[in-house]
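Examination of the molecular architecture
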Amino acid sequence: MEAVLAHLRGAIERGEYAIGDKLPSEAELCRTLEVSRPVLREALRALQTMGLTVSRTGKGTFVVASTVEDPTFGDYAASDLLEVRRHVEIPVAGYAARRRTPENLDHLAHLLDRMERETDTTAWVAMDTLFHLAVAEAAQNPVFRRVIEEIRDALARQSAFLNELGGRREQSNREHRAIVEALIDGSENDAVEAMAHHLDRVETTLTDIVRPPRTGSGPDTPAHISTETPTEGGPEA
């Protein structure tokens, strides 16, 4: 999927598909790139999340931007989401370290154990949002939980995006473990630092995806997915 996404994104950024152009049909792209429809659809969803394309029911996928500026997750732009998360989740972690109950710690530890064993990305993403809700619950302030509930869908979409394109799951598990250990110790400073580090890594991974280094077709790009300008057929093919 990453190779298909890189190919289509590169074609858009190079102007092979200009703003307003319609991408070839799914069937044609599957034949051209020699990939399955589920793989192609994942790549098309990622393009839309990045803000490069829009899907119009019954009409197809159209290019709406030539560069990635600020991905959108559900109703919220990535930059807005991260800004709010920093202002909410970092202090929430500190409150949780001071106020957590044994039941809160048991719930978080059980959830983290499940996440560390889980291999299915969809199931892991669902538990990722539950983890952040559980930290908010441990702060013993229902308003914090309501705020996380409000952005829950966006958090899930962001988590799926980062895991599909940034391979964040194992690293995120380690960061979650550090947060839970700080809560167990009752250390407000450690909890705040652990959550801040977690959000720093989220931002770094997101930035790496949005603004990757400029390279040609690397060793992980299938040979049939070329990064060169097509010699025939053109963008409207």
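The notes below deal with the structure included here. Note that this is a predicted model, so its numbers are computed, not measured. (Residues numbered from 1 in each chain as written. Predicted model: local features only at pLDDT ≥ 70, side-chain atom pairs only at ≥ 80, totals over all residues. Heavy atoms only, no water.)

It is worth spelling out the packing of aromatic side chains at this point. The tally for this structure, following the rule as stated, stands at two aromatic pairs. Between Phe 73 and Phe 161, the ring centres sit 5.4 Å apart and the planes meet at 65°, which makes this aromatic pair edge-to-face. Of this pair, Phe 73 sits in strand β3 (residues 72-73) while Phe 161 is found in helix α8 (residues 152-166), placing the two residues 88 residues apart along the sequence. Just above the ring of Phe 62 sits the side chain of Arg 56; from NZ or CZ to the centre is 4.6 Å. (Phe/Tyr/Trp six-rings, centres within 6.5 Å; stacked < 30°, edge-to-face > 60°. Helix = DSSP H or I, 4+ residues; strand = E, 2+ residues; numbered from the N terminus. Lys NZ or Arg CZ within 6 Å of the ring centre and 35° of its normal.)

Within the secondary structure layout, Arg 99 lies in helix α4 (residues 78-99). For the pair formed by Arg 99 and Leu 183, sequence separation is 84 residues and the distance between their alpha carbons is 9.1 Å. Leaving out residues up to four positions away in the same chain, Arg 99 has contacts with Ala 138, Ala 139, Gln 140 and Asn 141. (Contact = heavy atoms within 4.5 Å.)

Attention now goes to the pairing of strand β2 (residues 60-63). Walk down a regular strand and you will see the side chains alternate between the two sheet faces. Where strand β1 (residues 53-56) meets β2, four bridges bridge the pair, whose relative direction is antiparallel. Considered in β2, the bridge of Thr 53 is made with Val 63. As consecutive antiparallel partners, β1 and β2 are separated by three residues, and within that stretch Gly 58 has a phi angle of approximately 80°, a positive value. (Pairing = 2+ DSSP bridges.)

Right, let's get into the packing of α4 against helix α10 (residues 188-210). Relative orientation of the contacting elements α4 and α10 amounts to 160°, with a least axis distance of 7 Å. One finds that α4 runs roughly antiparallel with respect to α10. The interaxial crossing formed by α4 with α10 has right-handed handedness. In this structure, α4 contributes Ala 78, Leu 82, Arg 85, Arg 86, Glu 89, Ile 90, Ala 93, Gly 94, Ala 97 and Arg 98 to the contact, and α10 contributes Glu 188, Ala 191, Val 192, Met 195, Ala 196, His 198, Leu 199, Asp 200, Glu 203 and Leu 206. Of the residues assigned to the contact of α4 with α10, the class counts are eleven nonpolar, two polar and seven charged. (Axes fitted to C-alpha atoms, helices over the stretch in contact; angles between N-to-C directions. Parallel < 35°, antiparallel > 145°, perpendicular 65-115°, else oblique. Left-handed = near helix turned anticlockwise from the far one by under 90°. Nonpolar A, V, L, I, M, F, W, Y, C, P; charged D, E, K, R; others polar.)

A word on the packing of α4 against helix α7 (residues 142-150). For the pair α4 and α7, interaxial distance at closest approach is 11 Å and the crossing angle is 145°. Helix-helix and strand crossings are classified by hand; for α4 and α7 the assignment is left-handed. Facing α4, whose interface residues are Val 88, Glu 89, Val 92 and Tyr 95, α7 presents Phe 144, Val 147 and Ile 148. Here the contact of α4 with α7 is built from residues that sort into six nonpolar, no polar and one charged.

Taken by themselves, the reported measurements are silent on function.
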